[in-house]
Amino acid sequence: MSKRRKSRETTPKTKLRDIFVARPFEGLVDEPEWVALRELVPAASAPLTLKPEVIEEYGDRPVTLSTVLPMAWPAMTRRDGRVFIGLQRHVQSGDVSRDLAVAILSALRTKPGDTVAVPALPGEGPRLQDVLVDGPLEITLHDGFEYWLDAEQAQDANVKASLERANASIYPTVRLAAAKAAYWCRVAPEKSHVRWVLPEPEDKALDALARLSAAGELLLGEDTKFAGMFRAHGVLVPVWDLPGEPEGADWEAALADFAKRYADTLAVDEPLDAAARRAKQGLIGRQLTLR
């Protein structure tokens, strides 16, 4: 046996260990908005601020969070030096926060305009909470994905065709002011939704929703239906079915009323009564886990 072959057979391979984090955005000021942009919103962006030590090591380049990037890339760099990070991507590990942090650092190491190589399984290392200055996200909703492109790229025929396909996938979405991380969207001419990412731990939020359900106070008004809940990244996202009309802004008052009922119910610290326990089981049966 040759020395080379023997070396290959006896040298152990380093295997990266995947790390599962059920609530990857926990600790961030706008945790519910991170979840909403990751799971609910089709086209939006927000500027991110790097920590001073990251700027010192990699340089000060503008970094923008995007709901999605071309081909669902995890990151890209424009020729003007701007870095874009995609929240909605094809490949991910068990810790979304670590995925996004390594995408940011990989992009900062990449020459402007070049393709960014991001490992599928990053292993241990810094997370979003380690590389960003935390604060509220300054979210901009977009009707199209033109914000991805350099001016030169926008003139390319193939790029234009790809952009048109991406834009066709965007459904009308409105960020509601009545509650943080609440969004109205129209999914069909005759059907709309309100979806609200709740900031509280799942158990506490579920108990409050169960009490409201038992009291008949779970709806947003006439002709609305409580469709169920998503479980996403360690928090709950209740969803209401609405008629196609009126527009999103017209649901602000109804959501504000519900948000007050929900906040008041959260303050109740007594055990659930029989009706609320039954309602809780019904709500659990209508849950859908996204992550």
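What comes next is a walk through the structure. This is a predicted model, so every value here is computed, not measured.

Our next topic: the overall build of the chain. Each helix and strand in the chain was counted, giving 9 helices and 11 strands. Along the three orthogonal principal directions, the C-alpha set of the chain runs to about 75 × 50 × 40 Å. Taking all 291 residues of the chain together, 48% fall into the buried category. Only carbon and sulfur atoms are counted for the fraction: they give 52% of the accessible area of the chain, which is about 15,200 Å². Each charge class in the chain was averaged separately, 38 positive and 43 negative side chains, and the resulting centres sit 11 Å apart.

Bringing the sheet that holds strand E6 (residues 173–175) into the picture now. With mixed pairing, the 6 strands of this open sheet are ordered in space as E6-E7-E8-E10-E9-E11. Whereas interior strands pair on both sides, the edge strands pair on one side only; in this sheet they are E6 and strand E11 (287–289). Taking each pair of neighbouring strands and ignoring which way they run, the sheet shows an average axis angle of 25°. As defined by bridge partners, strand E8 (residues 191–196) adjoins strand E10 (residues 235–243) across 5 bridges and the pair is classed as antiparallel. Of the residues in E10, the one forming a bridge with Ser 192 is Leu 242. Its contacts with the sheet place helix H2 (residues 31–39) against E6, strand E7 (182–188), strand E9 (225–232) and E10, and it is angled at close to 15° to E7. Of the strands in this sheet, E9, E10 and E11 touch helix H7 (residues 202–214), which is tilted by about 35° from E10.

Turning our eyes to something else, we now look at the pairing of E9. Bridge count between E9 and E10: 7 bridges; the pairing is antiparallel. Residue pairing for E10: Phe 230 is matched across the bridge by Val 237. Pairing analysis gives 3 bridges linking E9 to E11, with the strands arranged parallel. Following the sheet pairing, Phe 230 is matched in E11 by Leu 288.

A contiguous patch of negative charge, built from Glu 53, Glu 56, Glu 57 and Asp 130, is present on the exposed surface. Ranked by residue count, the leading element in the negative patch is helix H3 (residues 52–58), at 3 residues. Looking at where Glu 57 falls in the secondary structure, it is placed in helix H3.

Read from one edge of the open sheet, 5 strands run E3-E4-E2-E1-E5, paired in mixed fashion. With partners counted over all chains shown, the strands left at the sheet margins are strand E3 (75–77) and strand E5 (140–141), one partner each. Note that strand E1 (residues 44–48) and strand E2 (residues 63–66) share 4 bridges and pair antiparallel. Opposite Pro 47, over in E2, you have Thr 64 as the bridge partner. Set on the sheet, helix H4 (residues 96–108) makes contact with E1, E2, E3 and strand E4 (83–86); between it and E4 the angle comes to about 155°.

Another point: the environment of Ile 170. Structurally, Ile 170 is set in the loop between helix H6 (157–168) and E6. A relative accessible area of 17% means that Ile 170 is categorised as buried. Sequence separation between Ile 170 and Ala 43 is 127 residues, and the spatial gap between their C-alpha atoms is 6.8 Å. Excluding residues within four positions of it along the chain, Ile 170 makes contact with Pro 42, Ala 43, His 142, Asp 143, Gly 144 and Phe 145.

A full pass over the atoms with the stated rule returns 11 salt bridges. Between Glu 245 and Arg 186 there is a salt bridge; the shortest N-O distance is 3.8 Å. On the criterion of sequence distance, the pair formed by Glu 245 in the loop between E10 and helix H8 (252–266) and Arg 186 in strand E7 is long-range, its members being 59 residues apart. Arg 186 gets classed as buried once you look at its relative accessible area, which sits at 14%. The salt bridge involving Glu 247 is made with Arg 186; its shortest N-O contact spans 3.4 Å. Here Glu 247, found in the loop between E10 and H8, pairs with Arg 186, found in strand E7; they are 61 residues apart in sequence, far enough to count as distant. Of the residues examined, Glu 247 reaches a relative accessible area of 39% and is grouped as partly exposed. Because the salt bridges share partners, they merge into one network encompassing Arg 186, Glu 245 and Glu 247.

Here we come to H6. Turn by turn, an α-helix covers 3.6 residues, leaving residues three or four places apart pointing in a common direction. Relative to the 16 Å expected for 12 residues at 1.5 Å per residue, H6 spans 17 Å between its end C-alpha atoms, a close match to the ideal helical length. Along H6, the residues classified as buried are Leu 163, Ala 166 and Asn 167. In a view along the axis of H6, the buried residues occupy a sector of 95°, so they form one face of it. In H6, the exposed positions that point more than 90 degrees away from the buried face belong to Ala 157, Asn 158, Glu 164, Arg 165 and Ala 168.

Analysis parameters
Residues numbered from 1 in each chain as written. Predicted model: local features only at pLDDT ≥ 70, side-chain atom pairs only at ≥ 80, totals over all residues. Heavy atoms only, no water. Helix = DSSP H or I, 4+ residues; strand = E, 2+ residues; numbered from the N terminus. Buried < 20%, exposed > 50% of the residue type's maximum accessible area, 1.4 Å probe, protein only. Areas by Shrake-Rupley, 256 points an atom, 1.4 Å probe, with all protein chains shown as cover. Lys, Arg positive; Asp, Glu negative; His and termini not counted. Charge placed at Lys NZ, Arg CZ, Asp CG, Glu CD. Pairing = 2+ DSSP bridges. Axes fitted to C-alpha atoms, helices over the stretch in contact; angles between N-to-C directions. Contact = heavy atoms within 4.5 Å. Patch = residues over 30% accessible without salt bridge, like charges linked within 9 Å, V, L, I, M, F, W, Y side chains within 5 Å. Salt bridge = Lys/Arg side-chain N within 4 Å of Asp/Glu carboxyl O. Expected span 1.5 Å × (residues − 1). Arc of directions from axis to C-beta.

Don't take any of this as a statement about function, it's just geometry.
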